[in-house]
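Fold and geometry: a report
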Amino acid sequence: MKARLDRLLRVGDGIRFHWSDARACDLSLRVLRQECPCAHCVHEVTGVKILDPDSVAVGIDLRDMQPVGGYAYRLLFDDGHDTGIYSLDFLRSLCQRQEGASS
């Protein structure tokens, strides 16, 4: 059974994601901006990242986070970037990748 997102919580400079399998992870706003899956940040055909991760400000902030149906969130950053739609599956994969990096 696929884990569902149970709850979101703003913590410090990031967001804590609580999943139905009792896992939780914190993703910084900078990482979320650096990993944006939109066509401005990732080439639509090749899947190659266009965004230079170093160009994202260390203190980037979130202006808003809007649900998209029951499957994603649209993140609006204070650098004016607002085209990223982050599916729940994508967010979960970011959490799992972070867990793997910290082990």
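This text goes with the structure placed above it.
Quick caveat, the model's predicted, so the values are computed rather than measured. (Residues numbered from 1 in each chain as written. Predicted model: local features only at pLDDT ≥ 70, side-chain atom pairs only at ≥ 80, totals over all residues. Heavy atoms only, no water.)

Describing the nonpolar core
- Ranked by size, the top nonpolar core spans 24 residues in total, and within it Phe17, Leu32 and Leu75 carry the most contacts.
- Counting only elements with at least two residues in this core, the list comes to strand E2 (14–19), strand E3 (24–28), helix H1 (29–34), strand E4 (62–68), strand E5 (72–77) and helix H2 (88–102).
- Ignoring sequence-local partners within four residues, the contact set of Phe17 consists of Leu5, Arg7, Leu8, Arg23, Ala24, Cys25, Leu27, Met65, Leu91 and Cys95. (Core = buried A, V, L, I, M, F, W, Y, C linked by side-chain atoms within 4.5 Å. Buried < 20%, exposed > 50% of the residue type's maximum accessible area, 1.4 Å probe, protein only. Helix = DSSP H or I, 4+ residues; strand = E, 2+ residues; numbered from the N terminus. Contact = heavy atoms within 4.5 Å.)

Quick word on the sheet that holds E5
- The three strands are arranged E4-E5-E6 in an open sheet whose pairing can be described as antiparallel. In this open sheet, the two strands that pair with only one neighbour each are E4 and strand E6 (84–87). Averaged over all neighbouring strand pairs, the angle between strand axes comes to 25 degrees, with direction disregarded. (Pairing = 2+ DSSP bridges. Axes fitted to C-alpha atoms, helices over the stretch in contact; angles between N-to-C directions.)

Some words on the environment of Arg4
- Checked against the element boundaries, Arg4 lands in the segment before strand E1 (5–11).
- A relative accessible area of 45% places Arg4 in the partly exposed class.
- Taking the C-alpha atoms as reference, Arg4 lies 14 Å from Pro67; in sequence the two are 63 residues apart.
- Setting aside residues no more than four positions away along its own chain, Arg4 makes contact with His18, Trp19 and Ser20.

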